[in-house]
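# Structural overview for review
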Amino acid sequence: MLTITNILMPDETRQTITRDYPEDLTIDGADLLALPGLIDPHVHFRVPGLEDKEDWQHASVAALKGGVTTVFDMPNTKPATTTQERLQNKFAIIDGQLAEVDLPLRYKLFFGADKNQFHEIVKVKADIAGIKVFMGASTGDLLMDDESSLHAVYALAKAHGLLIALHAEDELIIRNNAAKYADQTDFKYHSIIREPQAAVKAVQLVIELAELYQVPSYILHVSTQGELDLVKAAKARGVMVYIETCPHYLFLDDSQYANLNGRGKMNPPLRSKIDQDVLWHALNEGVIDTIGSDHAPHQLNEKEQPLCKCPSGVPGIETTLPLLITAWRENKLSLAKLVALTHDNPQQIFNLPVNDDLVLVDIVNYRELSDAQMASKCHWTPFVGMNLTGFPRYVYTQQRLIDCRKL
Ligand code: DOR
Ligand code: ZN
């Protein structure tokens, strides 16, 4: 039996808690907070085909160091995960990589929507977290920007009881802006090219489709006030839309490009301080359902290229929890809200079985984030230099106790 004494709980009481464990072990919880194992519904662990950026040997360490015990991985790999054969192959590679490091990590896979492979969806429906739709192009070649394909995938999801997760940015708006600003070199143009209206227009369409087909729709990385206004109204009408935001939209903004350069380039892009304030408000109000890291590693030398060559995406799985715990210490959100966003809501939205995973978080010591600390294969963080608390000390999952300082 594992016993943790005198530990702070999310309801801010102190308790002694126990878990099944092969031996008798007691941990003093005086400096620690107990949270349910985090569920990160949005990661890109890059397997197969992009292992120069990330693999599951590294990413599992990064996840556990970040208190995450369940991840949902995206299909924009090489090749993209759009057929049953590729999906089965991906499961086998992942299981092999996790076995190599002997680390327990629960995972689910999203299946990529490709209008030429829709017949594959029926074959895999029991094995996937849902269908991922890219309405705007991003890393990889998955794109479904025509309305008839979107209607077709919604009809399929309805028929087979599947959830759809969406990258909601309007491709046409982005392409027009990209042509207009093709000569610009300042990274701040990334936010101008992928303007807020591109996200707002796509979210409007998602809401229409979700309402028409009655299909649960999970909108990834919501970042603007306009999207929140639409979703809030849709939720009030009972439309099945759920929304995620990401730490980079909560803790970075578009005034920081001069420091960040390529480290601040992701899709959707960084937004204004006003959008950020509205996101925090929506998060506390319960309009935002989840926080996904959108852990999307690229190598630092790729990110140090000029704007036109720099790939979009930032790592984040090992910094989500310290950022949120530090925000809690600064009274920006409650622990109850933190648990709802990082565990309870994703568990309900994706219908996950209950587990007894625990994260024991150090809420006393502060540490400055450095690239060198990062376990991700890319070894950098856009939050470098931030002084944070809330690093996990232990993770308990599947009857194993992981000491995060030894990872
Ligand atoms: O910034 C991003 N990076 N946005 C995406 O949609 C994809 C991701 C990636 O895979 O690199
Ligand atoms: Zn993503």
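Residues numbered from 1 in each chain as written. Chains lettered and ligands numbered in written order. Predicted model: local features only at pLDDT ≥ 70, side-chain atom pairs only at ≥ 80, totals over all residues. Heavy atoms only, no water.

## With respect to the site of ligand 1
The criterion, for reference: Nearness is defined per residue: one heavy atom within 4 Å of the molecule or strand is enough. In the analysis that follows, any N or O atom pair within 3.5 Å is treated as a polar contact, provided that within protein one partner can donate a hydrogen and the other can accept it, and provided that, for residues neighboring in sequence, both atoms belong to side chains. All accessible areas in this document rest on Shrake-Rupley with a 1.4 Å probe, and a residue is counted as covered only by the protein chains that are shown. Every definition here rests on a 1 Å grid over the protein atoms only: cavities are sets of points where a 1.4 Å probe fits but cannot get out, pockets are open sets enclosed by protein on both sides within 12 Å along at least five of seven lines, and lining residues have some atom within 4 Å of a point. In this scheme, a molecule is assigned to a cavity or pocket if more than half of its atoms are within 2 Å of the grid points. Asp, Glu, Lys and Arg are counted as charged, while Ala, Val, Leu, Ile, Met, Phe, Trp, Tyr, Cys and Pro are counted as nonpolar; the rest, among them Gly, fall into the polar class.
For ligand 1, the set of nearby residues contains 13 residues, the closest of which are Arg46, Asn76, Ser138, Thr139 and Asn267. In the model, an oxygen atom of ligand 1 is placed 3.3 Å from a nitrogen or oxygen of the histidine 44 side chain. Here an oxygen atom of ligand 1 and a backbone polar atom of serine 312 are 3.0 Å apart. The fraction of the free accessible surface of ligand 1 (290 Å²) that becomes covered by protein chains is 100%. In this structure, ligand 1 is accommodated by the largest cavity. For the shell around ligand 1, the residue count by class is 3 nonpolar, 9 polar and 1 charged.

## Details of unusual backbone geometry
Going by this rule: Put simply, DSSP H or I for four residues or longer makes a helix, DSSP E for two residues or longer makes a strand, and each gets a number counted from the N terminus.
In this model, valine 47 is joined to proline 48 through a cis peptide bond whose omega is 5 degrees. Along the polypeptide, proline 48 turns up in the loop between strand E5 (38-43) and helix H1 (56-65). The residue after lysine 78, namely proline 79, is reached through a cis peptide bond having omega 0 degrees. Summarising the element assignment, proline 79 is placed in the loop between strand E6 (68-73) and helix H2 (84-101). For histidine 221, which is not glycine, the phi dihedral falls at a positive 35 degrees. Secondary-structure assignment places histidine 221 in the loop between strand E10 (217-219) and helix H8 (225-236).

## Section: the sheet that holds strand E8 (residues 130-134)
Heads up, the rule is: Here the rule is simple: two strands pair whenever DSSP picks up at least two bridges between them. Any two residues whose heavy atoms approach within 4.5 Å are treated as being in contact. Axis geometry follows a simple rule: fit a line to the C-alpha atoms, using only the stretch in contact for helices, then measure angles between N-to-C directions, giving values from 0 to 180 degrees.
With parallel pairing, 8 strands are arranged side by side in an open sheet as E5-E6-E7-E8-E9-E10-E11-E12. Sheet topology places E5 and strand E12 (290-291) at the edges, where each strand pairs with a single neighbour. Pairing of strand E9 (residues 164-167) with E10, which is carried by 3 bridges, proceeds in the parallel orientation. Residue pairing for E10: alanine 165 is matched across the bridge by tyrosine 218. On top of the sheet, H8 reaches E10 and strand E11 (241-245); it is set at about 150 degrees to E11, its chief contact.

As far as function goes, none of this settles anything; it's purely spatial.
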